[in-house]
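A closer look at the structure
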Amino acid sequence: MNHDNSRNLFDLALQYIPGGVNSPVRAFKGVGGNPLFFKSGKDAYLIDSDDNRYVDYVGAWGPLILGHLNSGVVEALHDQLKIGLGFGASTEGEIQIAKKICELVPSIEKVRLVTSGTEATMSAIRLARGYTRRDIIVKFEGCYHGHVDGLLVKAGSGALTLGEPDSLGVPKAYTDLTHVLPYNDIEAVKSFFAEKGEQIACIIVEPIAGNMNFVPPIPGFLECLREVCSENGSVLIFDEVMTGFRVALGGAQAAYGVTPDLTTLGKVIGGGLPVGAFGGRADIMDHIAPLGGVYQAGTLAGSPLAVVAGLAMLDQISQPGIYEGLNEKAGVLLAGLRERAAAANVPFTTNQMGGMFGCFFSEEESVTRFEQVTACNIKNFQTFFHGMLDNGVYLAPSAYEAGFISTAHGDAEIQHTLDAAEKAFSLINS
Ligand SMILES: *Cc1c(COP(=O)(O)O)cnc(C)c1O
């Protein structure tokens, strides 16, 4: 497979863009080699600058649950382009998408739109602190909540790929108030709350961890978070920027039946455009300016383009059968991958829910802890990643990212993927 154009573009990009990329994971540091440059996407496929075609399991890191260039989203954008790009003032579409989000995620009574997931988590944390008038926040190892100063502690994903769980440039004083606990460790949560409960503003958690590959909560974990927050007057924030409208229509909170006080959203709700949102209990949300004393604002927040794209997306994914279909297809894909790994004698296991999944090069039967994720065989992943790439399948270029499947992935794409996997697994022990 020829990658000359991608290589030339990367060389050029390196001259003008730090590391040649606008977000670190794109640089292929986690897998080696040169990153690809893409020029188009359609349905389940990506086309790179050398006209190679790949079945795409990144989906722009989650948003493209209906595949590339979904016609409903594209038409909505075309219509909006004819009437205005934004006014810095309110539009009716903002009410429609807010209402739709509140209907689909019942714990959200009021919601505010922002322009990225990072802004959503940053604002939710500020709100939780303003509402409780407390300073300490709790997060979990391997969970990523965007590049917010106080949340860049053991942050998984991109940071983990680069081998730098924390970031330079974040004053220690900013993270002194962030307490990090092990994911899925119920005892650690209980004992920290027993000690500091009355000073804790909030817990922020990915209800399914999607930034240390894909790690679901063990039974009782989310319930325990709900309980300690209620008992101590702390705010429970589910960061569903990735899982929202991805693992189930109502997000992970619907799948597990645990109700947070605040939820952060992003990715899918923008239909592929830059959007985030945070929302939850009305009595908490009403502490935001202009009603309350917690300041939060955005010049392009509620951009009409993002709003119509998001609405077109939410309308389509609310149709019956979407998540059952995704679940079934991902199930077939993962069972096929496990079979082929076993045939090639490669230790391999998977996790999955709805349109999201995780693949682990691990001897473990099930992966539920951060240490199990970081103990995976990265070399095997890298070999597999490049084997898949060479055979026309694009996976996330990091062992710590989740995989995403869309409604546009059909039997033919899955068969193509499994054929590629057979070849890629065979490279591992050879
Ligand atoms: C992607 C992500 C974010 C950050 O969103 P951006 O739009 O990249 O700022 C926050 N939280 C989670 C769980 C994410 O997956």
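Computed from a prediction, not measured in an experiment: that's the story for all the values here.

1. A few points about the side chain of Glu-206
Mapping Glu-206 onto the fold places it in the loop between strand E7 (200-205) and helix H8 (221-232). Although Glu-206 is buried, it forms no salt bridge, and the closest oppositely charged side chain is Lys-267 at an N-O distance of 7.3 Å. One polar contact links the side chain of Glu-206 to the main-chain amide nitrogen of Tyr-144, over a distance of 2.9 Å. Within the local environment of Glu-206, its side chain forms a polar contact with the side chain of Asn-211, the two groups lying 3.0 Å apart. With near-sequence residues (within four places) excluded, Glu-206 lies in contact with Gly-142, Cys-143, Tyr-144, His-145, Tyr-183, Asn-211 and Asp-239.

2. Some points on the packing of helix H3 (residues 92-104) against helix H11 (residues 304-317)
At a minimum axis distance of 9 Å, the contact between H3 and H11 shows a crossing angle of 35°. Our pair here, H3 against H11, has a crossing hand that is left-handed. Judged by residue contacts, Gly-93, Glu-94, Gln-96, Ile-97, Lys-100, Ile-101 and Leu-104 of H3 engage Val-307, Gly-310, Leu-311, Leu-314 and Asp-315 from H11. Considering only residue class, the contact of H3 with H11 consists of six nonpolar, three polar and three charged.

3. Some remarks on the domain arrangement of the chain
Assigned domains of the chain: these are domain 1 (4-69 + 321-428) and domain 2 (71-317). The gap between the C-alpha centroids of domain 1 and domain 2 is 25 Å. Taken residue by residue, the interface counts 37 residues in domain 1 and 36 residues in domain 2. In total, about 3000 Å² of surface goes out of reach between domain 1 and domain 2, with carbon and sulfur atoms giving 68% of it. It is Tyr-323, Met-353 and Phe-370 that lose the most area in domain 1 upon contact with domain 2, and together they represent 23% of the buried surface on that side. Taken together, domain 1 and domain 2 are joined by zero salt bridges.

4. Description of the site of the ligand
Around the ligand sit Ser-116, Gly-117, Thr-118, Tyr-144, His-145, Gly-146, Glu-206, Asn-211, Asp-239, Val-241, Met-242 and Lys-267, and those are all the residues in its vicinity. Thr-118 places a polar side-chain atom, nitrogen or oxygen, 2.6 Å from an oxygen atom of the ligand. Taken together, the residues of the shell around the ligand break down into three nonpolar, six polar and three charged.

5. Digging into the packing of aromatic side chains
By the definition in use, this model includes 15 aromatic pairs. Between the aromatic rings of Phe-140 and Tyr-183, the centroid separation amounts to 6.2 Å while the plane-to-plane angle is 85°, which identifies the pairing as edge-to-face. Placement of the pair is Phe-140 in strand E5 (residues 136-140) and Tyr-183 in the loop between strand E6 (178-181) and helix H7 (186-196), with a sequence separation of 43 residues. Here Phe-140 and Tyr-183 have matching classes, each one buried.

6. Here's the deal with the sheet that holds strand E14 (residues 403-404)
Read across the sheet, three strands follow the order E11-E12-E14 without closing on themselves; strand pairing throughout is antiparallel. Bordering the open sheet on either side are strand E11 (349-353) and E14, each of which pairs with just one other strand. Note: E11 against strand E12 (residues 356-360), five bridges, orientation antiparallel. Each residue of the ladder has a partner; that of Met-353, found in E12, is Met-356. In the packing of helix H12 (residues 322-343) onto the sheet, contacts are made with E11 and E12, and the angle to E11 comes to roughly 180°.

Parameters and conventions
Residues numbered from 1 in each chain as written. Predicted model: local features only at pLDDT ≥ 70, side-chain atom pairs only at ≥ 80, totals over all residues. Heavy atoms only, no water. Helix = DSSP H or I, 4+ residues; strand = E, 2+ residues; numbered from the N terminus. Buried < 20%, exposed > 50% of the residue type's maximum accessible area, 1.4 Å probe, protein only. Lys, Arg positive; Asp, Glu negative; His and termini not counted. Salt bridge = Lys/Arg side-chain N within 4 Å of Asp/Glu carboxyl O. Polar contact = N/O pair within 3.5 Å; in protein donor to acceptor, adjacent residues only side chain to side chain. Contact = heavy atoms within 4.5 Å. Axes fitted to C-alpha atoms, helices over the stretch in contact; angles between N-to-C directions. Left-handed = near helix turned anticlockwise from the far one by under 90°. Nonpolar A, V, L, I, M, F, W, Y, C, P; charged D, E, K, R; others polar. Domains from an automatic or database assignment. Buried area = accessible area lost by both parts, 1.4 Å probe. Near = heavy atom within 4 Å. Phe/Tyr/Trp six-rings, centres within 6.5 Å; stacked < 30°, edge-to-face > 60°. Pairing = 2+ DSSP bridges.

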